[in-house]
Every structure is written in C-alpha cells, then in structure tokens.
Amino acid sequence: MSAYQDPLLPFQYRNVAEITKLRALQWRRFKQLLRTVLSSNRFYRNKYKKAGITSADDVRNWNDYKDLPYVTKQELTLDQREHPPLGTNLTVPLRHYTFLKTTSGTSGNPLTVPYSDRDLMAAGEDAVGIFLKNDPRFPPGTRVMLLHPPGAYTYAAENPRRNGLVVIPPDARSDAELLKRIIDMKIEIINAYFSRIVSLTQTAQSLGLDMKKRSRVRILMGGGEYVNPNIRKWVSAFWGAKYYLVTVSTELRSFGMDCANASSPHLIEKPCLMEIVDPATGISSPKGELIATPLWRLDFPLIRYRTGDYVEMMAKQCQCDNIYPRIRNGVLGRIDGSLRIRAVSYYPAELLDPISHFPDATRYQFVVTKERGLDQVGILLELPLKSARKDSLASIRRAYTNFLGFQPKVQLVPPNTFPFEPGKRRYIFDLRPMNNQLKPLSPSWLLVTSYALKYDIMKLLFKYLFFFSRHAKT
Ligand SMILES: [Zn+2]
C-alpha cells in the first residue's frame, strides 16, 4: 500500500482515516457549492464558461478542482466597480444581502464583502466559532469582550452570541476606563487585534494594574497582523492568560487558530479548502500564498481565492488531537509587498501620499519598526533652512496622525543627510523582524535611520560621521 498523498496540501497527515473522511465530506460540500453557484451566480458562470465549465459535472475530481482558475481580489474589485453597487458575484437577489463588510486594505479600491443572512448564519463555521463551540471551558454564559473596530465588531459578535456566550462591548472612553470595565464586568475572554491587546497591556502596566490578580481573563485571542512570539509571552504572563493566535481576514473570517499546546495556528480545514502555492510558479509548496475556498460562503462565493497571504506550513505534526497542519507564526506578510501596519495594509505609494502634499518636503525616509509588539512609523525629514520648519513639522505630524490613526515620530535631520540617487530612491524601510519585503539601501543606512529614531540630532550626527570615517578608512 502506498503512503497517503493529500490532494490539497503537501502535508503528512497523521490520521489518514480521518483526513480521507474529511476530504470526502468537503468534496460533497464543494460540489453542492459549485452547483448552486453555476445555477445563479453571473460572475462564476461567465468566468467558468471561458474555462469550458458549464456544469458541476465538468469538475470530476481534485485534479479538476486544482485546474479551476483562481479568483483574485483585483478581479472582484473591478467587477464591483463595473457593476455597482456589489458587482455580479451574487448568488441570490440583491435584497438578500443584509450586511456589508469592506476589506481593511486601503488600496484605493477596497472590496465590499456582502453577507446574506444565510452566510452570516454560518458564523459558527470559522475557526473561532469551532473553537468556542467545542471547548467545554466555555459554557453558555461565558463573558467575552471584543475590541474590534466597528465594521468587524458586528460579525465578530455573531459567533460567541450564537454559542450562548455573553458579548460585552468595550463602551469606554479611555484605556484606563476599559481596564476597569474588564475587571468589573468579570470578562473571561478578550478577542482583539494583537496590537490592541499590546497597547492595552502597556496601559495596564503603566497604571500599575495587576490584571492577573484583578481580572478574570483566562483567554486572549486575536491576530490580524504579525505577532511577535516574545511580546506574546510577555502579554500572556501579564494577564495570566493563554494567548491564542488567530489568523483572520475579511474574506475568510478566522481560518487558523492555535491549539492549547502550540504557539503556531492550525489551519482549520473543515469549513474551508486550502492550498499553499509558490506564487511565482503556481506549484503546490509548503511555503507561499494561501489559496482558499470557504465552503460556507454560498452567496458571495470565493472559489480558489488568492488570499495574498504569505504562509509557511510546518512539517512537524502537532502533539495535540488536531489533525490539521500548522502555519509558523500565522500569516507572515502580504505577497504583493504592501505593508501591514497595525492590522491595516498600505501600499508604499499610499503611505507616501500625505507627505507629497508638502512641497518643502522632498527628501525623507520612512522607517517602520516594532517596539514592544507595536508597529511604529518614523519619518526622517530634511527641510530647507528657509522654510517654516516648526510649522511644517507639526503639519506633517498632524497629517500622518490622521492618516494612520496614531502619531508617528517625525524628526528633522540635517540637510543632505539622504543621498540623491535618481531613479533608485527608496523611501520606506521596514525594519520589523520577519519582514524581508523591503530591503534598506545599505547596512550603514539601516543603522543610521534606526538610530535617528532613538537619539537626538547631535547623536545622529555623531553616528553618521563615525560611519563615514570608518567607511572612508576601509
Ligand atoms: Zn495542536
């Protein structure tokens, strides 16, 4: 008997009987989805017609499935622009879409993901829903607080509510007030973006609040961005709570989740077909872009959807009962090179747009760093001596505070700090760990820019001259 070869992921599943059963179940659900879609969804009918598929019978097995053309976000965005308001990827009439969620990406053309009541009711089918439903530690009445932004809040609340949990909104004007509310309302689970939990923890620490003793929080969960394992340990220890890393997107909802004894999430495959492909070759690979088909999404279907998320599958089986593979540290970044800063994706050109409105600011560098788990943006700026430097500095700071939703560090550097290399200039340096999408100009520039964020101008000048003289010697 030959070894089991999985049709979707290059993973050695431990329990072959179980995964075979799951794939059979998924296949039945997928065929049902395909039949539904081909009967009334104009977007897929047109798309698949071009590929020679007019009936669900044309897709006979997993190999046929893997020949289906990908669906991209750009394609869906374009379709929505050409056919407003929601495009043609609709399985039921427009009036059935009762909740509209827009992707966080600020690429100028965000994608609206409409929910019919049927799709919204399938909330329990994502990773968090399955986690809450199956764990005996969370009986009805368990108290959960969600710290998501308003758009995500509405549907994030569906899961726990449907499972009988009590959902308590933050309703606080400051973090200090919020921490008090967490204690008073006897919150047991907090679900939020990682950076939100980190900033809340920093506030608690600065206020001298011992959340481990004073609060009843046992579980912290969330993701939505790169999670630094060391910061995560610190946060867990501070709250005396296990931190569950969740991988999440507007299109798939939560699709990966930690188990009790691992710190890299399992891909929760039951409600979603998943593949990982090398984006350059399209060949199945343990490292690459996640391709997904959520089986529960019938009315805004995503079939072989290119998520744009870069993941790395771990070869080693987890010790827990969970059969699914794990992805190292969750989603590692975006395939297309956009930057994810505090859970929001920015393309480099967008990040540079506000500063382009200040004609005096022509030489600058942006440095994205991570400090105690929080993304920070530093702007190093040269301004001509004649300009109203203080006013310009304050205006730029204000413009970016509005744009980013938090205050960046804006700092003046001496004239001619940045070399002029026409056609070769780089403006953004991402110095966060695990991020190799944008490489700095040279190692000495990397050091100069990162020092500049930490020290005042005199120290910066000193370092700059020091490097210059050292390089001159060698
Ligand atoms: Zn596990």
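As the structure is a computational prediction, the values presented were derived from the model and not from experiment.

Calculation rules
Residues numbered from 1 in each chain as written. Predicted model: local features only at pLDDT ≥ 70, side-chain atom pairs only at ≥ 80, totals over all residues. Helix = DSSP H or I, 4+ residues; strand = E, 2+ residues; numbered from the N terminus. Buried ≥ 20, exposed ≤ 12 C-beta atoms within 10 Å, placed from the backbone. Contact = placed C-beta atoms within 7 Å. Pairing = 2+ DSSP bridges. Core = buried A, V, L, I, M, F, W, Y, C linked by C-beta atoms within 7 Å. Axes fitted to C-alpha atoms, helices over the stretch in contact; angles between N-to-C directions. Expected span 1.5 Å × (residues − 1). Parallel < 35°, antiparallel > 145°, perpendicular 65-115°, else oblique. pLDDT = per-residue confidence, 0-100.

Considerations on the overall build of the protein
Next up, step 1: Within the protein one finds 16 helices and 19 strands.
Next up, step 2: Out of the 474 residues belonging to the protein, those deemed buried represent 36%.
Next up, step 3: At a minimum sequence separation of 6, the contacts of the protein that also span at least 24 residues come to 61%.

As for the sheet that holds strand 4 (residues 166–168)
Next up, step 1: Spatial strand order, 4-3-5-6-7-8-9: seven strands in an open sheet with mixed pairing. The open sheet terminates on both sides in strands that have one partner only, identified here as strand 4 and strand 9 (266–267).
Next up, step 2: As paired strands, strand 7 (residues 242–249) and strand 8 (residues 253–257) are joined by four bridges and run antiparallel to one another. In the strand pairing of strand 8, Ser 249 is matched with Arg 253.

Digging into the nonpolar core
Side chains of a nonpolar character, in soluble globular proteins, are inclined to be buried together.
Next up, step 1: Membership of the largest hydrophobic core comes to 73 residues, with the highest contact counts inside it found for Ile 190, Ile 197, Leu 220, Val 246 and Ala 292.
Next up, step 2: What Ile 197 contacts, discounting residues up to four positions off in sequence, is Ile 190, Ala 192, Leu 220, Gly 222 and Val 235.
Next up, step 3: Core analysis: the second largest hydrophobic core is formed by 19 residues, Ala 361, Val 367, Val 368 and Val 410 among them.

Some remarks on unusual backbone geometry
Next up, step 1: Residues Pro 84 and Pro 85 are joined by a peptide bond in cis, for which omega reads 5°.
Next up, step 2: Tracing the sequence through the fold places Pro 85 in the loop between helix 4 (73–82) and strand 1 (97–102).
Next up, step 3: The phi dihedral of Arg 304 is positive, around 50°, even though this residue is not glycine.
Next up, step 4: Inspection of the secondary structure assignment puts Arg 304 in the loop between strand 11 (287–294) and strand 12 (305–312).
Next up, step 5: By C-beta crowding, Arg 304 is classed as partly exposed, having 18 other C-beta atoms within 10 Å.
Next up, step 6: Within the chain, Arg 372 stands out as a residue other than glycine whose phi angle is a positive 50°.
Next up, step 7: As for its position among the elements, Arg 372 is in the loop between strand 16 (363–371) and strand 17 (374–382).

Brief notes about the environment of Val 311
Next up, step 1: On the secondary structure map, Val 311 appears in strand 12.
Next up, step 2: Overall, the presence of 25 C-beta atoms within 10 Å leaves Val 311 in the buried class.
Next up, step 3: Residues Val 311 and Val 277, spaced 34 residues apart in sequence, show a C-alpha to C-alpha distance of 9.7 Å.
Next up, step 4: Contact partners of Val 311, with chain neighbours within four places excluded, come to Ile 276, Leu 290, Ile 327, Val 331 and Leu 332.

Side note on the sheet that holds strand 16
The strands making up a sheet associate through hydrogen bonds between their backbones, and the pairing can be parallel or antiparallel.
Next up, step 1: Spatially, 18-17-16-19 is the arrangement adopted by the four strands of the open sheet, whose pairing is mixed. The two strands at the open ends of the sheet, each matched to only one other strand, are strand 18 (409–412) and strand 19 (428–430). Averaged over all pairs of adjacent strands, the angle between strand axes in this sheet comes to 20°, irrespective of strand direction.
Next up, step 2: Contacting strand 17 and strand 18, helix 14 (residues 389–404) runs over the sheet at an angle of about 155° to strand 18.

Concerning helix 1 (residues 16–40)
Next up, step 1: Taking 1.5 Å of rise per residue, the 25 residues of helix 1 would be expected to cover 36 Å, and the 36 Å separating its terminal C-alpha atoms lies within 8% of that figure.
Next up, step 2: Of the residues making up helix 1, those classed as buried are Gln 26, Leu 33, Leu 34 and Val 37.

Considering the packing of helix 9 (residues 175–184) against helix 10 (residues 194–206)
Next up, step 1: Taken N-terminus to C-terminus, the directions of helix 9 and helix 10 make an angle of 90°; their axes are 10 Å apart at the nearest point. Overall, the two elements helix 9 and helix 10 adopt an arrangement that is roughly perpendicular. Here Asp 175, Ala 176, Leu 178 and Leu 179 of helix 9 lie close against helix 10, whose contacting residues are Leu 200, Thr 203 and Ala 204.

Section: helix 6 (residues 127–134)
Next up, step 1: Every buried residue belonging to helix 6 is among Ala 127, Val 128, Gly 129, Phe 131 and Leu 132, and all of these are buried.
Next up, step 2: Buried-residue contacts for helix 6 involve helix 8 (158–162), strand 7 and strand 8.

Comments concerning the environment of Thr 401
Next up, step 1: On the secondary structure map, Thr 401 appears in helix 14.
Next up, step 2: Once residues within four sequence positions are removed from consideration, Thr 401 is found in contact with Phe 406 and Gln 407.

Side note on the confidence of the model for the protein
Next up, step 1: Per-residue pLDDT for the protein has a mean of 85; in total, 85% of the residues score no lower than 70.
Next up, step 2: With pLDDT under 50 throughout, residues 435–443 is counted as low confidence; its partners more than four residues away or in other chains account for twelve contacts.

Some details on the pairing of strand 17
Next up, step 1: Inspection of the sheet shows strand 16 paired to strand 17 by nine bridges, in the antiparallel sense. In the sheet register, Tyr 364 faces strand 17, and the bridge partner there is Leu 381.
Next up, step 2: Here strand 16 folds back onto strand 17, and the loop between the two strands holds two residues, one of which, Arg 372, carries a positive phi near 50°.
Next up, step 3: In this sheet, strand 18 lies alongside strand 17 in parallel orientation, the contact comprising four bridges. The residue bridging Gly 378 from the neighbouring strand is Lys 409, located in strand 18.

Here's the deal with the environment of Ser 40
Next up, step 1: Structurally, Ser 40 can be placed in helix 1.
Next up, step 2: Assessed through the 13 C-beta atoms surrounding it within 10 Å, Ser 40 is described here as partly exposed.
Next up, step 3: Placed 52 residues apart in sequence, Ser 40 and Val 92 show a C-alpha to C-alpha distance of 7.2 Å.

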